[in-house]
Amino acid sequence: MQDVISEGIARLAGASSQAIFRRKQAMGGGKTHNMISLGLIAKHPDFRKQIIGKDYKDDGLGSVEVLAFSGRESNTPNGIWGEIARQLGKETEFKSLWEGGLRAPGQSEWINMLKGTPKLILLDELPPYLENAKTITVGQGDLAIVSTTALANLFNALNRKELDNILIVISDLKANYQSGTRLLQSSFSNLEGEVNRFALDIQPVGSSSDEIYDILRTKLFAQLPDKSVINEIAVAYKAKVEEAKNLGFTNYNADKLFTGIKESYPFHPSIRELYERFRENQNFQQTRDLIRLMRKVVTSMWSAGLADKRFLVNAYDIDLNESGMNTTITQIKPSLGNAISKDIANESRATAELIDTQYKIDFISQVAKLLLVASLADVPNALLGLTQSELVGYLVEPNKDITSYRNAFEEFISQAWYIHSDKDGRLHFQNVRNIKPSPRSKTFCKLNFRF
């Protein structure tokens, strides 16, 4: 936000050649909030020094005209350019661009429309607009073709001296909509190329960085222990991984887990690593939906009285017997609904739950949920599943006795209907029932899995 405000004000004052900012991140990452913030700072100069701070220098810019277009307004008359002309009060002057049929403005028409006082143009949610525009006939083509031509001409016009105080902020054209991504990649690649040529990319939330943990900590916890306590917890987890290694259950890197806990506390590093698998799923709002999911997890743990019994929030802390949580997880990848009810959680009737009862343990259900979260990705070429070593590395925690792990896990693999294994030995859930060998066989032929 600091970058986009400081760089944006410089452009509006004619002191920067950077004419386009692209807010990169799929849905729920703060793009629209950042756009609105810049719009308010541009429009209200009295607040600039207060918000920008000591780095702000009064350049006499004054109030900037802010123009905005949301692609959710799919029925906007006269196209994007008609809406911008309307907001400028220039509909009469440029009515030839839509009367008698929509026509894309050329560079000179954009220059004549926008030149003069500084202007900030906010273009949000373009993918759904362009997707819908494919269905609207214009001349021999459609509104999508005319719109992409108009936008490409606008982007190129910003290089002209007359528009050196015009700034465009646009949200990412690759945002995940039901079919918008595929549509844009196939039909609007030229427009994306124009954006790539001119835009400075700014990502509100680094999805693979510690920023997401900072957000979760701030939103979900009022108070956290000091660093010495967190270090003590990380040391205890490291010791449990070393113990599991000595039992021959894993070769997971204990130092990696130690470092990861210190960075992500009070969340287990498994959450970051497995969230990366499914954050690109269509209709999953990367930041917003992760916050909602973790809010439900933490609330459920608190209600169950686990706050004083657990050291970290793990990826397996999803109560699938609670209807709201079950719905949330199933919506991420609907095809795994049968796997959840048969193998993972079904009011003590699922395979994992039955084995926990049989062995008087609780961690096979946790194993099943780890494998489920590792299987939620639903995009081409996604990484699915966990190796045996990763699985145990994510499972162990202080005060958890896993000495019976081998027999219980072997029992689970032999009975589960929907677990499969890839060529690298990663176990994952699919929506197709697995074909099991004879009960007397010691080899799981489908999984090719041996201890």
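Above this note sits the structure.
Reading guide: rules and limits
- Residues numbered from 1 in each chain as written.
- Predicted model: local features only at pLDDT ≥ 70, side-chain atom pairs only at ≥ 80, totals over all residues.
- Heavy atoms only, no water.
- Core = buried A, V, L, I, M, F, W, Y, C linked by side-chain atoms within 4.5 Å.
- Buried < 20%, exposed > 50% of the residue type's maximum accessible area, 1.4 Å probe, protein only.
- Phe/Tyr/Trp six-rings, centres within 6.5 Å; stacked < 30°, edge-to-face > 60°.
- Helix = DSSP H or I, 4+ residues; strand = E, 2+ residues; numbered from the N terminus.
- Lys NZ or Arg CZ within 6 Å of the ring centre and 35° of its normal.
- Contact = heavy atoms within 4.5 Å.
- Salt bridge = Lys/Arg side-chain N within 4 Å of Asp/Glu carboxyl O.
- Polar contact = N/O pair within 3.5 Å; in protein donor to acceptor, adjacent residues only side chain to side chain.
- Axes fitted to C-alpha atoms, helices over the stretch in contact; angles between N-to-C directions.
- Parallel < 35°, antiparallel > 145°, perpendicular 65-115°, else oblique.
- Left-handed = near helix turned anticlockwise from the far one by under 90°.
- Nonpolar A, V, L, I, M, F, W, Y, C, P; charged D, E, K, R; others polar.
- Pairing = 2+ DSSP bridges.

### Re the nonpolar core
Here is a general trend for soluble globular proteins: nonpolar side chains tend to be buried in one another's company.
Part 1 of the reasoning: Counting 74 residues, the largest nonpolar core has Ile 329, Leu 372, Tyr 405, Phe 412 and Phe 429 as the members making the most contacts within it.
Part 2 of the reasoning: In terms of nonpolar packing, the next biggest core, distinct from the first, is built from 37 residues, Ile 20, Tyr 129, Leu 130 and Leu 151 among them.

### Observations regarding the packing of aromatic side chains
Part 1 of the reasoning: Inspection of the entire model under this criterion finds nine aromatic pairs.
Part 2 of the reasoning: Judged by centre distance (6.0 Å) and plane angle (70 degrees), the rings of Phe 221 and Phe 267 are edge-to-face. A residue pair is termed long-range when its members are at least 10 positions apart, and Phe 221 in the loop between helix 10 (211-220) and helix 11 (227-246) and Phe 267 in the loop between helix 12 (254-264) and helix 13 (269-278) qualify at 46 residues.
Part 3 of the reasoning: With a centroid separation of 6.4 Å and 50 degrees between ring planes, the pair formed by Trp 417 and Tyr 418 is classed as tilted.
Part 4 of the reasoning: Classification of Trp 417 by relative accessible area gives partly exposed; the value is 29%.
Part 5 of the reasoning: Of the aromatic side chains, those joined through ring pairs into one cluster are Phe 249, Phe 363, Tyr 405 and Phe 409.
Part 6 of the reasoning: A cation over a ring is seen here: Lys 238 above Phe 258, with NZ or CZ 5.7 Å from the ring centre.

### Let's talk about the environment of Asn 78
Part 1 of the reasoning: Structurally, the position occupied by Asn 78 is in the loop between strand 2 (65-70) and helix 4 (79-88).
Part 2 of the reasoning: Between the C-alpha atom of Asn 78 and that of Lys 95, which follows or precedes it by 17 residues, the distance is 8.9 Å.
Part 3 of the reasoning: Residue contacts for Asn 78: discarding those within four places in its chain leaves Trp 98 and Leu 102.

### A short note on the pattern of salt bridges
Part 1 of the reasoning: Per the stated rule, a full pass over the model turns up 17 salt bridges.
Part 2 of the reasoning: Two residues, Arg 310 and Asp 317, come together in a salt bridge whose shortest N-O distance is 2.7 Å. There is no split in this pair, since Arg 310 and Asp 317 are both buried.
Part 3 of the reasoning: Salt bridges linked by common partners bring Arg 310, Asp 317, Glu 397 and Lys 400 together as one network.

### Here we look at the side chain of Glu 109
Part 1 of the reasoning: Along the chain, Glu 109 falls in helix 5 (residues 107-114).
Part 2 of the reasoning: Here Gly 106 takes part through its backbone nitrogen, which lies 2.8 Å from a polar atom of the side chain of Glu 109.
Part 3 of the reasoning: Residues within four places of Glu 109 in sequence aside, it is in contact with Phe 94, Leu 97, Arg 103 and Ala 104.

### Looking at helix 4
Part 1 of the reasoning: Of all the ten residues making up helix 4, eight are buried; the element is thus mostly covered by neighbouring parts of the structure.
Part 2 of the reasoning: Buried within helix 4 are the following residues: Gly 79, Ile 80, Trp 81, Gly 82, Glu 83, Ile 84, Ala 85 and Leu 88.
Part 3 of the reasoning: Its buried side turned inward, helix 4 meets strand 2, helix 5, strand 3 (119-124), helix 6 (126-133) and helix 7 (143-157).
Part 4 of the reasoning: Just past helix 4, the residue Gly 89 takes up positive phi, approximately 75 degrees.

### Notes on the packing of helix 1 (residues 2-12) against helix 2 (residues 31-43)
Part 1 of the reasoning: It is the contact of helix 1 with helix 2, at a shortest axis distance of 10 Å, that shows an interaxial angle of 45 degrees. As the angle between them shows, helix 1 and helix 2 are arranged oblique. You can see that helix 1 and helix 2 cross each other, and the crossing is right-handed. Residues Val 4, Ile 5, Ile 9 and Leu 12 of helix 1 touch helix 2, and the partners they reach there are Leu 38, Ile 41 and Ala 42.
Part 2 of the reasoning: The class makeup of the residues in the contact of helix 1 with helix 2 is seven nonpolar, no polar and no charged.

### A closer look at the environment of Thr 32
Part 1 of the reasoning: Relative to the elements of secondary structure, Thr 32 occurs in helix 2.
Part 2 of the reasoning: On a C-alpha basis, the gap between Thr 32 and Glu 125 in space is 8.9 Å, while along the polypeptide they are 93 residues apart.

### Topic: the pairing of strand 1 (residues 20-23)
Part 1 of the reasoning: Residues Ile 20 and Arg 22 line one face of strand 1 and the alternating positions Phe 21 and Arg 23 line the opposite face, and both faces are buried.
Part 2 of the reasoning: One ladder, built from four bridges, connects strand 1 with strand 6 (residues 166-171); its direction is parallel. Within strand 6, the position partnered with Phe 21 by the bridge is Val 169.

### Here's the deal with the pairing of strand 3
Part 1 of the reasoning: In terms of residue burial, strand 3 counts as a mostly covered element, since six of its six residues are buried.
Part 2 of the reasoning: Judged by which residues are buried, strand 3 turns out to be covered on both faces: Lys 119, Ile 121 and Leu 123 on one side and Leu 120, Leu 122 and Asp 124 on the other are all buried.
Part 3 of the reasoning: Relative to strand 3, strand 2 runs parallel, the two being bridged by six bridges. Within strand 3, the residue paired with Glu 65 across the bridge is Lys 119.
Part 4 of the reasoning: Pairing between strand 3 and strand 6: five bridges, direction parallel.

### Observations concerning unusual backbone geometry
Part 1 of the reasoning: Omega for the bond connecting Tyr 265 with Pro 266 falls within 30 degrees of zero, at 5 degrees, which places this linkage in the cis form.
Part 2 of the reasoning: Examined against the element boundaries, Pro 266 turns out to sit in the loop between helix 12 and helix 13.
Part 3 of the reasoning: Residue Asn 78 is not a glycine yet carries a positive backbone phi of 70 degrees.
Part 4 of the reasoning: At Asn 381, a position not held by glycine, the phi torsion is positive, near 60 degrees.
Part 5 of the reasoning: Residue position: Asn 381 is located in the loop between helix 18 (363-373) and helix 19 (388-395).

### Considering the environment of Lys 134
Part 1 of the reasoning: Relative to the helices and strands, Lys 134 is located in the loop between helix 6 and strand 4 (137-138).
Part 2 of the reasoning: A relative accessible area of 35% places Lys 134 in the partly exposed class.
Part 3 of the reasoning: Sequence separation between Lys 134 and Ile 145 is eleven residues, and the spatial gap between their C-alpha atoms is 7.8 Å.

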